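# A look at the structure
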Amino acid sequence: MQTLELVKSEPKSPISLPGQPQYQLRATHLGAAKLQLEIWQLPARATPHITHPIRLAGLKGRNFALIEHRVLRRLKKADMVIAALKPQESEVHPIDENLALILGLIFRVLAPMRNRDKMLACVEGIEVMSREEAAYWLGMAMHRKKPRRVLAALRILLTEAG
């Protein structure tokens, strides 16, 4: 298993302040141009209830391939560029809260989907969401007793609106 290395250039501003939630992007190259990205939330002073890293979402395979160019464009705007492959190594990089919310929600919504047109409609809808709206939906999907229902409702809202 190979891992892609994301290179972080000099940041224009700090990723997050000490009193804010901390997030990581983990990128893994699975071979033959297959990429897996995962978003993790880390313990921080702002989130005392989190005692160990929590996986928010991840995406790989066919569903990720459909939106890979959009995700890589977002990472490039955050000064992260895929640079090189390293075998048997995991690359972990800090990301800001806004990027973690949007990517986490996109990954959770798209993971079980199969219809390409509906997948693109969902991604476009999530990309135009405000930070608060994305945080609301991701929180609902993570902390509800039956998160699949929440994600199904969001998919219906995003695909029927168009």
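In the block above lies the structure referred to throughout.
Here is a short report on the structure shown in this document. Residue positions are counted from 1 within each chain, in the order its sequence is given. Where totals are concerned, whole chains, interfaces and linings use all residues; where local detail is concerned, this predicted model gives features only for residues with pLDDT of at least 70, and gives and counts side-chain atom pairs only at 80 or more. Excluding hydrogens and water, the side-chain figures rest on all heavy atoms present in the structure.

### Digging into the overall build of the protein
- Secondary structure is summarised from DSSP: a helix means a run of H or I of at least four residues, a strand means a run of E of at least two, and numbering begins at the N terminus for each. A count of helices and strands for the protein gives five helices and six strands.
- In sequence order, the secondary structure elements of the protein are arranged as β-β-β-β-α-β-β-α-α-α-α.
- Here's how the labels work: a residue is buried when its accessible area is under 20% of the maximum for its type, exposed when over 50%, partly exposed in between, all with a 1.4 Å probe on protein chains only. Taken over 162 residues, the protein has a buried fraction of 42%.
- By definition, residues are in contact when any of their heavy atoms lie within 4.5 Å. If you take every contact in the protein between residues at least 6 apart in sequence, the share linking residues at least 24 apart comes to 67%.
- The accessible surface values rely on the Shrake-Rupley method and a 1.4 Å probe; as for residues, cover is taken only from the protein chains in view. Carbon together with sulfur atoms contributes 55% to the accessible area of the protein, which is approximately 9,300 Å² in total.

### Considerations on unusual backbone geometry
- A positive phi angle, near 65°, is found at Asp79, a position not held by glycine.
- Positionally, Asp79 belongs in the loop between α1 (61-77) and β5 (80-87).

### Here we look at the nonpolar core
- Within the largest apolar cluster, 41 residues are counted, with the highest numbers of intra-cluster contacts made by Leu37, Ile67, Leu105, Phe107 and Leu110.
- If you list the elements that add at least two residues to this core, you get β2 (22-31), β3 (34-42), β4 (54-60), α1, α2 (97-110), α3 (116-127), α4 (131-143) and α5 (147-160).
- Ranked by residues supplied to this core, first place goes to α2 with ten residues.
- In contact with Leu105, other than residues within four places in its own chain, are Ile126, Met129, Ala134, Trp137, Leu138 and Leu154. The nonpolar core is taken to be a set of buried Ala, Val, Leu, Ile, Met, Phe, Trp, Tyr and Cys residues, with the residues joined through side-chain atoms within 4.5 Å.

### Structural notes on the packing of aromatic side chains
- Any pair of Phe, Tyr and Trp rings, taking the six-membered ring for Trp, is counted once the centres come within 6.5 Å. Such a pair is stacked with planes under 30 degrees apart, edge-to-face with planes over 60 apart, and tilted for the rest. Throughout the structure, instances matching the rule amount to two aromatic pairs.
- Measuring from ring centre to ring centre gives 6.4 Å for Phe64 and Phe107, while their planes differ by 80°; the resulting arrangement is edge-to-face. A residue pair is termed long-range when its members are at least 10 positions apart, and Phe64 in helix α1 and Phe107 in helix α2 qualify at 43 residues. As far as burial versus exposure is concerned, Phe64 and Phe107 are alike and both buried.
- Look at Tyr136 and Trp137: their rings are 5.5 Å apart centre to centre, the planes differ by 80°, and that puts the pair in the edge-to-face class.
- Among the residues examined, Tyr136 registers a relative accessible area of 45% and is labelled partly exposed.

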